[in-house]
Amino acid sequence: MRSAFDDELEARLVRYAAIDSQSDATSPTSPSTEIQLQMSQLLVEELLEMGAGDVTLTDYGVVLATIPATVEDAPVMGWLAHVDTAPQFHASGVKPVVHRGYNGGDITFADAPELKLSPENSPYLGEKMGEDIITASGTTLLGGDDKAGVAIAMTAARHLLSNPKIPHGKIRLAFTPDEEIGRGVDARLPADLGADFAYTFDGGKPGEVEFETFSADGAMIKVAGVSAHPGFAKDKMVNALHLVSKIIMTLPQVTMTPDTTEGTEGFIHVSEVNGGSTEAEIVLILRDFEREGLAAKGDLLRQICQTVAATEPRAEITCEIRPQYRNMRYWLEEDMTPVHLAHAAVRKAGLEPVSIPIRGGTDGSRLTEMGVPCPNIFTGMQEIHGPLEWISVQDMAQATQVALELAQLAAGSE
């Protein structure tokens, strides 16, 4: 059964998903790609058109706006979503496809006939009979992560602005760049947002309210070998790629990798290898739910580098580990009010709240650490970061209803 929000949500997601806004971890700029600003500029125009206040595109690439309060003594709430899409898969030329009234069978893709989406490879799809499913055309991701969140926040904002009799406090909107590469929360954002607490709309199944995330570090291993002409290299050349291979093969292989872990187990993930025989580098991510576990993985990585370096003293091997974000639970467990409020809003929307640890992170992880408590709310997105990505319009509508319930509950009106 279609809700009052379905048509708007569908139109917004189709419009937003067609815009290329992929982020780039190798870029030093903020935002990391100029193309993200095309999406941001569109949101500025739409926010001004719907009558939002204080509409701003900051010099660090965040779109900010205000939904004025109808209840003046209520706390200030923030709603966030990110405009960038993941760099792990093709995201240019996205062609969204709406499959109306899903019949329970295989969904096929116009641009990739060999590909199919079905309850066999995405079990939750089997629960979506009769609903409207949006996918891409088979050669790109859809970008529902997190353009579904953007569509939900924009739809809820438009509804509140169009219905001023709905009681709610001041709501601050923030649409961030570069979340997918861990750079979505600039140091200036907490002050510019000006919220007492906030929510990211960047989660999965209906009912999910997440307040535990990975703690995350990024690592860069650089290997400098010794260059020599390969025809005359005996006892002279030190091949950096051979040493890179030794490091990778010394890392855990049957445990502590993304494909061998689940639940609250952490991992070390080799995400990129770049370079040649003279100089090469390994890019890794380290994840664990606890600080101690994350530190232990960093220590292991350094130890492996030292061990391999000892086998070839002519080479230079460095290992740099930098913090990315921390488990938001460390701060939220000191005051669970935003989480309890979200649970109540989910129940008001007719769902049962579910809170399980996220095997990932959100802008809320950094915001919470920086003093703005920020749990994560579902959007409905499924099979993200790949060609089988899909989302139900009706799931998005339920998330929109949760946003509206949050606004009223925070104002003490329900």
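**Q** Could you clarify how one ought to interpret the overall build of the protein in this entry?
**A** On a plain count of helices and strands, the protein comes out with ten helices and 16 strands. Computed over the C-alpha atoms, the radius of gyration of the protein is 23 Å, within 12% of the 22 Å expected from 2.2 N^0.38 for a compact globule of 414 residues. Summarising the internal contacts of the protein: among those between residues at least 6 apart in sequence, 79% fall at separations of at least 24. For the protein, the computed accessible surface area is about 17,300 Å², with 52% contributed by carbon and sulfur atoms. Separation of charge centres in the protein, based on 31 positive and 60 negative side chains, amounts to 3 Å.

**Q** Where do I start with the packing of aromatic side chains in this structure?
**A** Centre-to-centre distance and the angle between the planes together describe a pair of aromatic rings. Summed over the entire model, instances satisfying the criterion amount to six aromatic pairs. Relative to F289, the ring of F214 has its centre 4.5 Å away and its plane inclined at 40°; by these criteria the two rings are tilted. Of this pair, F214 sits in the loop between β10 (209-210) and β11 (215-224) while F289 sits in the loop between β13 (279-288) and α6 (291-310), and the two are 75 residues apart along the sequence. Relative accessible area serves as the criterion here: at 3%, F289 is assigned to the buried category. Ring geometry for Y330 and W331: centres 6.1 Å apart, planes at 80°, overall edge-to-face. In this structure an aromatic cluster arises from ring pairing among F214, F267 and F289. Geometry around Y330 places R291 over its ring, the cationic atom sitting 3.7 Å from the centre.

**Q** Is there a simple way to think about the sheet that holds strand β7 (residues 133-135) in this case?
**A** Within a sheet, neighbouring strands are paired by backbone hydrogen bonds and run either parallel or antiparallel to one another. The strand order across the open sheet formed by three strands is β4-β7-β16, and the pairing between neighbours is antiparallel. Since the sheet does not close on itself, it has two edges, and those belong to β4 (97-99) and β16 (390-392), each with one partner. Each neighbouring strand pair of the sheet contributes to a mean axis angle of 25°, computed without reference to strand direction. Relative to β7, helix α1 (residues 6-17) is tilted by about 5°, and along the sheet it contacts β4, β7 and β16.

**Q** How should the side chain of H168 be read in this particular structure?
**A** Looking at the element boundaries, H168 is found in the loop between α3 (144-162) and β8 (171-176). Contacts of H168, omitting those with residues within four sequence positions, involve I67, P68, A69, T70, V71, L160, A407 and A411.

**Q** What am I meant to see in the nonpolar core here?
**A** Taken as a class, soluble globular proteins show a tendency for nonpolar side chains to be buried jointly. In this structure, L47, W79, L173, F175, Y199 and L406 are the most contacted members of the largest nonpolar core, which totals 62 residues. In terms of residues, this core owes the most to one element, helix α10 (residues 393-410), which gives eleven residues. When neighbours within four sequence positions are excluded, L406 is seen to be in contact with M77, Y199, F201, L341, A342 and A345. Membership of the second largest hydrophobic core comes to 22 residues, among which are I221, I247, A280 and L286.

**Q** What should I look at first to understand α10 in this one?
**A** With 18 residues, α10 extends 26 Å from end C-alpha to end C-alpha; this agrees with the ideal 26 Å at 1.5 Å per step. Burial of α10 is extensive: 16 of the 18 residues sit out of reach of the surface. Between the side-chain oxygen at the start of α10 and the backbone nitrogen of Q394 there is a gap of 3.1 Å, and the oxygen is on S392. Immediately beyond the C-terminal end of α10, within one or two residues, lies G412, with a positive phi of roughly 75°.

**Q** What is the right way to look at unusual backbone geometry in this model?
**A** Geometrically, the link from S30 to P31 is a cis peptide bond, its omega value of 0° lying close to zero. Structurally, the position occupied by P31 is in the loop between α1 and α2 (36-50). That bond from D145 to D146 is cis: its omega, 10°, falls within 30 degrees of zero. In this structure, D146 sits in helix α3.

**Q** Where do I start with the sheet that holds β13 in this structure?
**A** Taken in spatial order, the four strands make up an open sheet running β12-β13-β11-β14, and their pairing is antiparallel. Strands at the two margins of the open sheet, each flanked by one partner only, are β12 (267-275) and β14 (316-325). Neighbour-to-neighbour, the strand axes of this sheet turn through a mean angle of 20°, independent of strand direction. The pairing of β12 with β13 spans eight bridges and is antiparallel. Note on β13: the bridge partner recorded for I268 is L286. Against the sheet, helix α5 (residues 240-250) contacts β11, β12, β13 and β14, and its axis sits at roughly 15° relative to β13. Most of the contacts of α6 go to β13, to which it runs at about 155°, and overall it touches β11, β12, β13 and β14.

**Q** How should the packing of α1 against α10 be read in this particular structure?
**A** Each pair of packed helices gets described by two things: the angle between the helix axes and the distance between those axes. Axis separation between α1 and α10 bottoms out at 9 Å; the angle between their running directions is 110°. Our classification of the angle between α1 and α10 gives roughly perpendicular. Contact with α1, carried on its side by D6, L9, E10 and L13, involves V393, Q394, M396, A397 and T400 of α10 and no other residues of that element. Broken down by class, the residue content of the contact of α1 with α10 amounts to five nonpolar, two polar and two charged.

Scoring rules and cut-offs
- Residues numbered from 1 in each chain as written.
- Predicted model: local features only at pLDDT ≥ 70, side-chain atom pairs only at ≥ 80, totals over all residues.
- Heavy atoms only, no water.
- Helix = DSSP H or I, 4+ residues; strand = E, 2+ residues; numbered from the N terminus.
- Rg over C-alpha atoms; globule rule 2.2 N^0.38 Å.
- Contact = heavy atoms within 4.5 Å.
- Areas by Shrake-Rupley, 256 points an atom, 1.4 Å probe, with all protein chains shown as cover.
- Lys, Arg positive; Asp, Glu negative; His and termini not counted.
- Charge placed at Lys NZ, Arg CZ, Asp CG, Glu CD.
- Phe/Tyr/Trp six-rings, centres within 6.5 Å; stacked < 30°, edge-to-face > 60°.
- Buried < 20%, exposed > 50% of the residue type's maximum accessible area, 1.4 Å probe, protein only.
- Lys NZ or Arg CZ within 6 Å of the ring centre and 35° of its normal.
- Pairing = 2+ DSSP bridges.
- Axes fitted to C-alpha atoms, helices over the stretch in contact; angles between N-to-C directions.
- Core = buried A, V, L, I, M, F, W, Y, C linked by side-chain atoms within 4.5 Å.
- Expected span 1.5 Å × (residues − 1).
- Polar contact = N/O pair within 3.5 Å; in protein donor to acceptor, adjacent residues only side chain to side chain.
- Parallel < 35°, antiparallel > 145°, perpendicular 65-115°, else oblique.
- Nonpolar A, V, L, I, M, F, W, Y, C, P; charged D, E, K, R; others polar.

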